[in-house]
Amino acid sequence: MPFMPSSPSTKPSAAHKRLPRIALVLVLIGTGCAAAGKYYDPDKANRTPSGFRNTYPQEPRASFVKWQWERITQGLPKAPANNYRFPMAVPEVAWLQANKTVPSVTWIGHATALLQIGGMNVLTDPMFSERASPFSFLGPRRKVPLNLPLAQLPHIDVVVISHNHYDHLDRASVEQLNRQAGGPPLFLVPLGVKEWMADLGIVNVREMDWWDKTDADSLAIHFVPAQHWSARSLTDRAETLWGSWVIKTADGAAHPFSVFFAGDTGYSKDFQDIGRKFGSFDLALIPIGAYAPRWFMKAHHVDPEEAVKIHQDVHAKRAIGIHWGSFEMTDEPLDEPPQRLAEAVKKAGLAAGEFTVLKHGETLKLD
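Quick caveat: nothing in here was measured; it's all calculated off a predicted structure.

### Quick word on the sheet that holds strand S8 (residues 205-208)
Link 1 in the chain: Pairing is mixed across the open sheet formed by seven strands, whose spatial order is S8-S7-S6-S5-S4-S3-S16. The sheet is open, and its two edges are formed by S8 and strand S16 (363-365), each paired on a single side. Ignoring which end each strand starts from, the neighbouring axes of this sheet average 20° apart.

### Considerations on empty space enclosed by the protein
Link 1 in the chain: Inspection of every chain in the model, using the stated rule, returns one cavity of 30 Å³ or more.
Link 2 in the chain: One number sums up the size of the largest cavity: a volume of about 100 Å³.
Link 3 in the chain: What lines the largest cavity is a set of 15 residues, among which Ala 290, Phe 327, Thr 330, Glu 332 and Leu 334 lie closest to the centre.
Link 4 in the chain: Residues of the lining of the largest cavity, tallied by class, amount to seven nonpolar, six polar and two charged.

### Observations regarding the pattern of salt bridges
Link 1 in the chain: Following the criterion strictly, the structure yields 16 salt bridges and no others.
Link 2 in the chain: For Lys 44, the salt bridge goes to Asp 209, with nearest N and O atoms at 3.4 Å. You can see Lys 44 sitting in the loop between helix H1 (19-29) and strand S1 (47-48) and its partner Asp 209 sitting in the loop between S8 and strand S9 (213-216), a full 165 residues away along the chain.
Link 3 in the chain: As a salt-bridge pair, Asp 273 and Arg 276 come within 2.5 Å of each other at their nearest N and O atoms. You can see Asp 273 and its partner Arg 276 sitting in helix H6 (residues 270-278), three residues apart, about one turn around the helix.

### Concerning the nonpolar core
Link 1 in the chain: Ranked by size, the top nonpolar core spans 65 residues in total, and within it Val 105, Leu 115, Ile 247, Phe 260, Leu 283, Leu 285 and Phe 355 carry the most contacts.
Link 2 in the chain: By size, the runner-up hydrophobic cluster in this structure holds 21 residues, among which are Leu 148, Leu 169, Val 174 and Val 189.

### Overview of helix H2 (residues 64-74)
Link 1 in the chain: Residues Trp 67, Gln 68 and Arg 71 constitute the buried set of H2. Within H2, the buried residues cover an arc of 95° as seen down the axis, which keeps them to one side. Exposed side of H2, more than 90 degrees from the buried face: Val 65 and Trp 69 are the residues found there.
Link 2 in the chain: Check the buried side of H2 and you find it contacts helix H7 (294-297).
Link 3 in the chain: Near the N-terminus of H2, the side chain that reaches the backbone nitrogen of Val 65, with its oxygen 3.4 Å away, is that of Ser 63.
Link 4 in the chain: Positive backbone phi, approximately 65°, marks Gly 75, located one or two places after H2.

### Some points on the environment of Ser 50
Link 1 in the chain: Note that Ser 50 resides in the loop between S1 and strand S2 (51-52).
Link 2 in the chain: Take Ser 50: its relative accessible area is 57%, and that puts it in the exposed class.
Link 3 in the chain: Separated by 11 residues in sequence, Ser 50 and Tyr 39 place their C-alpha atoms 9.4 Å apart.

### With respect to the confidence of the model for the protein
Link 1 in the chain: With 90% of its residues at a pLDDT of at least 70, the protein reaches an overall mean of 90.
Link 2 in the chain: Ranking the elements of the protein by mean pLDDT puts H1 last with 43 and strand S6 (residues 158-160) first with 99.
Link 3 in the chain: The low-confidence segment residues 3-34, where pLDDT is below 50, has 56 contacts with residues more than four positions distant or belonging to other chains.

What counts, and at which threshold
Residue positions are given per chain, counting from 1 as you read along its sequence in written order. Only residues with pLDDT of at least 70 are given local features in this predicted model, and only at 80 or more are side-chain atom pairs given and counted; all residues enter the totals for whole chains, interfaces and linings. Computation of side-chain values: all heavy atoms of the structure, hydrogens and water removed. Any two strands with at least two DSSP bridges between them are considered paired. Note on conventions: DSSP H or I runs of at least 4 residues are helices, E runs of at least 2 residues are strands, and numbering of each starts at the N terminus. To obtain an axis, a line is fitted to C-alpha atoms, over the contacting stretch when the element is a helix, and the angle between two such axes runs from 0 to 180 degrees between their N-to-C directions. Buriedness of a pocket was judged along seven lines, with at least five required to meet protein on both sides within 12 Å; pockets are open sets of points on a 1 Å grid over the protein atoms alone, cavities are sets where a 1.4 Å probe fits but cannot get out, and lining residues have an atom within 4 Å of a point. Grid points are joined across faces, edges and corners, and a volume is the space filled by probe spheres set on the points. By the convention adopted, Pro, Cys, Tyr, Trp, Phe, Met, Ile, Leu, Val and Ala count as nonpolar, Lys, Arg, Asp and Glu as charged, and the other residues, Gly among them, as polar. By salt bridge we mean one thing: a side-chain nitrogen of Lys or Arg within 4 Å of a carboxyl oxygen of Asp or Glu. Buried Ala, Val, Leu, Ile, Met, Phe, Trp, Tyr and Cys residues form a nonpolar core when they are joined through side-chain atoms within 4.5 Å. Three exposure classes are used, based on accessible area relative to the maximum for each residue type with a 1.4 Å probe and protein chains only: buried under 20%, partly exposed in between, and exposed over 50%. The directions considered for the arc run from the helix axis to the C-beta atoms. Every residue pair with non-hydrogen atoms within 4.5 Å of one another is taken to be in contact. The term polar contact refers here to a pair of N or O atoms within 3.5 Å; inside protein, the definition further demands a hydrogen-donor-capable atom paired with an acceptor-capable atom, and it admits residues adjacent in sequence only when both atoms are side-chain atoms. Within a predicted model, pLDDT stands for the predictor's per-residue confidence, ranging from 0 to 100.

In structure tokens form, the structure reads like this:
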């Protein structure tokens, strides 16, 4: 999601508490991106004269104002009973820096994961900042400490970006990656995001449309659809593309491995399409959080039950739930998604461990 001012747990009583929000609106109005019709192509269903659109029809957009009023009057979101004290892993920093042979995934937090596949280090939606916001003093703040900072990661070869919302495309994080020792990674981004990166001086960038494929050394990487939207201001909705990623070892690899990274998405038939095209995946990273209230979030954020459907649609052998437990962006308790996922997995009759979650900083080795 882009930054949306989150309501406090009680109704604001002082005018000064509203001032930062007013300032934020004024700033966001003036920070639009590319012209909406720049990528219009009558032969591409997702490229319209007014911007990009999803593959399958959606219900009309729900009222953001109504949602915010509900939050204020109902005192949402409420902190979980454990006050965000989730179990934390001790990151295997030395192993991650040395590993070149064992496929692995390390969940850093939110939608940020380190994938080690085909001897390459791939980072998804890098978000290492304290806030998912254009400001350092306002916006969704990290609720769980970052226990695997970017500086402790191995050299990153490829970065994949699902879309341009602040919790998925973080300026400070990509700038730091661009300055990493040993040279910048290859940034793979949706259509329209390359220009934004260039404005930051980041030039090792390839932008892609849905169903495009590119090669990166030992990997074949495809950009595929998701049901979502894009914006970094109040004036640039759908001017850049969004999507999910397929990351595979190249044909003929001695140890083939494939990963599906769903990014941020609502549920749609796109995932059945992806499953039909690619057959199956060894691993899928699927969002399970930021789903409440359903009347507002359903169009662009799956809940744990829908995440299980995605897992089944893409025929993943194993899935890890992401996009939960780091930033409080919606109304469900921050610790609820894993609990609901466990219930959904059991109800679907999946094998134990087939779809689960990792602790912050935890590595799963996939021999």
